[in-house]
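Architecture at a glance
Read off the chains here:
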Amino acid sequence: MMTRTVAFATLGLALVAMTASAQDMMRDVDLTSPAMVSAEMTRPELEAVLAKASAAQPADFTGKRLSGLDLSGLDLSNAVLRAARLNRTILRDAKLDRAILDQAWLLDADLTGASLKGAHLFASQMARARLDGANLSGARIVADLTGASMIGASIADAKLGADMRNQSMGLMRAVLRSANLERLNARNADLSRVDLEFATLRGADLSAASLKNAELGGADLTGAIVTDADFDGANLVSAKLIAPNGLDRAKNFDKARNRERLIRE
């Protein structure tokens, strides 16, 4: 048990350190190993643990190998899934409200229609995950969502930006590079310093969102709602800002970087 605990602690430190430098842990991890693609529990076994959980003692799946399971519709609210492996796991319409998914692996996971309201995702690896229609409102998201699909999802009031009061290990922020965020509800979301390069934000609602110092190079914001969105320091090089809604009411648009290199038509 001690060896396993030390191993998880070491892995956790490695995840944080690598996230801080590049939010890319995959260069040193064998993604085909049993630890990354197998499951050590069945769905009935998970359900048994959940049945015994309480508000005082939530279900704890820390470090568990749960990859490839079909957990559709399962209620995992408040569950602790820290450093769990959920690669290619199916979590369609599952409830993960207030769940702890720090340092969890969810590569290619299917969370279509899932609810993650108030969930905590710190240093989580979610490249190519499917979150179409998912609800992540109020969540804390410092995850790598490169290439993820979040069509029609909600991150309203969520915090994805870098907390500049606590960056001792380097810039920690969400990465949504090349993600499909079409029709995303990002009202009042904190997207400051978030990497949104080449992301698709067509028709997204960015009302009152903070885009301070966000990286929007090559992003497609065609038809996006930007009323009261704060563009202070945002990098707009080669971004498409065609037919936006509410641009006249956006904040600090004159302070955005590379506005002269915007694609406006």
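One structure accompanies this document, and this report is about it.

About the thresholds
Residues numbered from 1 in each chain as written. Predicted model: local features only at pLDDT ≥ 70, side-chain atom pairs only at ≥ 80, totals over all residues. Heavy atoms only, no water. Helix = DSSP H or I, 4+ residues; strand = E, 2+ residues; numbered from the N terminus. Buried < 20%, exposed > 50% of the residue type's maximum accessible area, 1.4 Å probe, protein only. Contact = heavy atoms within 4.5 Å. Pairing = 2+ DSSP bridges. Salt bridge = Lys/Arg side-chain N within 4 Å of Asp/Glu carboxyl O.

Turning our eyes to something else, we now look at the environment of Ile-151. By the secondary structure assignment, Ile-151 is in the segment after strand E2 (140-144). Judged by its relative accessible area of 24%, Ile-151 is partly exposed. Sequence separation between Ile-151 and Ala-179 is 28 residues, and the spatial gap between their C-alpha atoms is 9.3 Å. Leave out the neighbours within four places in its chain, and Ile-151 touches Asp-132, Gly-133, Asn-180, Glu-182 and Arg-183.

So, on to the pairing of E2. Burial runs high along E2: four of the five residues are buried. Pairing geometry for strand E1 (residues 120-125) and E2, over five bridges, is parallel. When the sheet's bridge partners are listed, His-120 is paired in E2 with Arg-140.

Counted under the stated rule, the structure contains 14 salt bridges. Between Arg-177 and Glu-197 there is a salt bridge, with its nearest N and O atoms 3.9 Å apart. Here Glu-197 lies in the segment after E2 and Arg-177 lies in the segment after E2, a separation of 20 residues in the sequence. When salt bridges with common partners are traced through the structure, they connect Glu-40, Lys-64 and Arg-65 into a single cluster.

Our focus in this paragraph is the environment of Val-175. Within the secondary structure layout, Val-175 lies in the segment after E2. By relative accessible area, Val-175 is classed as buried at 4%. Measuring from C-alpha to C-alpha, the distance between Val-175 and Asp-144 comes to 4.8 Å, with 31 residues separating the pair along the chain.

Once that is clear, we can look at the environment of Leu-111. Structurally, Leu-111 is set in the loop between helix H3 (43-52) and E1. Since its relative accessible area comes to 1%, Leu-111 is described here as buried. Sequence-wise, Leu-111 and Ala-94 are 17 residues apart; in three dimensions their C-alpha atoms are separated by 7.3 Å. Sequence-distant contacts of Leu-111, that is, excluding residues within four places in its chain, are made with Leu-91, Leu-96, Leu-106, Leu-116, Met-126, Arg-130, Leu-131 and Ala-134.

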